[in-house]
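Observations on chain architecture
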Amino acid sequence: MVVSFLLASYLSVVAAKITDYAPTINAPCPKISGSAVRSFTPQTQALNPQEESYIAARGANVIPNAWSDWVGDGSFVGYNFSFPLNESSLPRIGIALGGQGYRAAQFGAGAFSALDARNATAKHSGTGGLLQVASYLAGSSGGSWLTASLMLNDWPNPSTLVYGDGASLSGWMLDLDLIAPNSIDTSDKRNQEYWCSILASVEAKANASIDTSLTDLWGRVLSYHFLNQTTSGNFYTNDTGHGAGQLWSQIPLLSSYTNQSMPFPIIAADSLPPGSNPMSAVSSDSVVYEFTPLEFGSWDPSLSAMVSMAESGTHIVNGLVSTCMTGFDQVGFVMGTSASIFNTINGPNGNFTGFNDQNGDIAGMQFLYDQLSSKVQSRSLNVANWPNAFQGINPTMFQDSSSQWLSLVDGGSNLEQVPLGSLFTKARALDIVVAVDASADDSNRWPNGTSLLTTSQRISSYLSSSHQAFPPIPSSAQDFVNMGVNERPTFFGCNPSQTPPEYPLVIYIPNSPPLDGSAPATNTGDFQFHYTPLSTAVFINQAFQNTLDGFVPNTTAPDPNWGRCLQCAALDRARLKLTPPPPRSGFCTGCFVQYCYDPNDPPSASALPGRDKVYLDPDPGGLNKVEDFLDREKGAIIGGVISVVVLISAGIAFIFWWRKREERKSRYTRVHELREDDEPWKFYESYSENHEMHRLSLF
């Protein structure tokens, strides 16, 4: 099962590196008394004991000091808390990031920088610190790329993660296209080296008799940018495994995990029910899965089961298993699964609708698809194929109880782009959920609240027994737009009627146009897989500034009090933990009037004047790969053009000479002899065909 001579040579040299992507089959299983599957009901759901221990240790050892560093005793926002800063008296916070592709990853990086106490500007503005007091960080689709990148690079500050530090971190290198990094030419030597490395990794997995798909290719190309073994110097070599062999279940080995300095990470993905139409949106009752470093499974009542992340690639029937598969939880594959979009964009023979045909992305994906589909057998090339560890579980409710495989797809396929479901699980008992939304819902690629509406609908319709209630929000996407809450930070659930509150407070931070009316740069397309350094810098700076600014109604000015208002929102649930709760401070009351959604007194988009919503490329002078290819190959192109001109001129001269010669012959033989004039072109066609066959043999 070899793609080409070039690929064969790569396999022989790097068998212990890029091929570490292959899992280990028939490995011994951990000694377990009872079922290998942790099953529960919505009424008996509980955290994995190791997750519970991590959250408790972070709550005791890290978060109190982070709260003190961020808000002090609360006097800056009108409080003077005398209670000790410990886990029981502080709100538990989770942050969720969703949206598609590089847009979501970059928007999240800019927004997280504005919430990070390690950023001096954010710290001074009062927003920096929220990231440090969070217990959970959940990512989906493009948001999972940032989540995994932060974790696998041992929790650096987001700016260093994106741009690199000149030492151990090389940055994301978004100027190297995700699919065709060197040029638009599929025969380009460096493109071929890159693609052959990707294919070698996936073929190593396929050779272990495991169904592979486009998701495996997707995860491998993502690994070059978001994990920690690739630099611009080794990008086209195999000096490292480029993330192959890095496992999601190995995160607990990182220093930032052992000292509890990182939030507990979660990645989400959707599933296709058996027999469903893969080209349509996934129904909201289909099971949503999550991946933590400890477990894989779902809190949805129809499944309510988890399995060890380290053995998540094992086919388990009725909780019983004799041998296990390990190494299946490659971080690249987990990222790829959460962003597996191919069921909706790829046709039967490769199509990749929406990909950029000017940057070589369609041609590159078509090449990878053709090579993969011709060399491996798979139950489906358009989904992430996961062996079903839950076969036989909950047969009356679980959609895949009788299936041997799970078909997992992009975490936003059910329109829940921001993975709030994992954070609303009752067992996690969150008081505050921060929703960072980089969805592209409207024609200008801005969010319109669809993700929050979907989560609210899922909870009320299917998850009420297993998840906390969702706070009041506008009733439709059009209402989100009319009220303007999709274009500025908004607090949902400010005034609960019960004690303890019947729902978490949701802090909504949507990707939105700049306050001052300047041209937006953060509403890029889902399938833009190449950014110049200037484009990335403008994008992330704009996302950072928008998260830092808040808003002032009826102006285009930033809110100098936004950082303190964010602190008010975070501390409000701490206030409600006291008996009796003290009244909301005067300063915080003013903040809540400005930022809270009140269904009885809804805001209006007219309070947000002067916004420019149409994307403007911040670096229109940056060479795209067509121009770059033409520039780099202009010598060869000019030489080729000259050769063609000379050849054509010689051919024309020869034809004129031949015709003059033949005019001397009989009129009745002329037709036959004119046919002989075509012989030079027959030779040219034969030469071209032979040359093309030789060139294709190098693929």
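Please refer to the structure higher up on the page.
Being a predicted model, the structure only gives us computed values, none of them experimental.

We now examine the pattern of salt bridges. Applying the stated criterion across every chain, the model contains 15 salt bridges. Its salt-bridge partner being Lys205, residue Asp216 comes within 2.7 Å of it at the nearest N-O pair. Here Lys205 lies in helix α8 (residues 189-206) and Asp216 lies in helix α9 (residues 214-226), a separation of 11 residues in the sequence. For the pair shown, Asp216 and Lys205 are each scored as buried.

Residues Val288 and Glu290 of strand β6 (residues 288-291) are buried on one face, and the alternating residues Tyr289 and Phe291, pointing to the opposite face, are buried as well. By the bridge criterion, 4 bridges tie strand β5 (residues 264-271) to β6 in an arrangement that is antiparallel. Note that in β6 the partner of Ala269 across the bridge is Tyr289. Where β6 meets strand β7 (residues 295-298), 2 bridges bridge the pair, whose relative direction is antiparallel. For Glu290, the partnering residue across the bridge sits in β7 and is Gly297. In this antiparallel pair of consecutive strands, β6 and β7, the connection spans 3 residues.

Turning our eyes to something else, we now look at the side chain of Ser401. Structurally, Ser401 can be placed in the loop between β10 (384-387) and β11 (405-409). Of the polar contacts made by the side chain of Ser401, one reaches the backbone oxygen of Ile393; its length is 3.0 Å. Among all residues touching Ser401, those that are not within four sequence positions of it are Phe390, Gln391, Gly392, Ile393, Asn394 and Pro395.

Conventions used here
- Residues numbered from 1 in each chain as written.
- Predicted model: local features only at pLDDT ≥ 70, side-chain atom pairs only at ≥ 80, totals over all residues.
- Heavy atoms only, no water.
- Salt bridge = Lys/Arg side-chain N within 4 Å of Asp/Glu carboxyl O.
- Helix = DSSP H or I, 4+ residues; strand = E, 2+ residues; numbered from the N terminus.
- Buried < 20%, exposed > 50% of the residue type's maximum accessible area, 1.4 Å probe, protein only.
- Pairing = 2+ DSSP bridges.
- Polar contact = N/O pair within 3.5 Å; in protein donor to acceptor, adjacent residues only side chain to side chain.
- Contact = heavy atoms within 4.5 Å.

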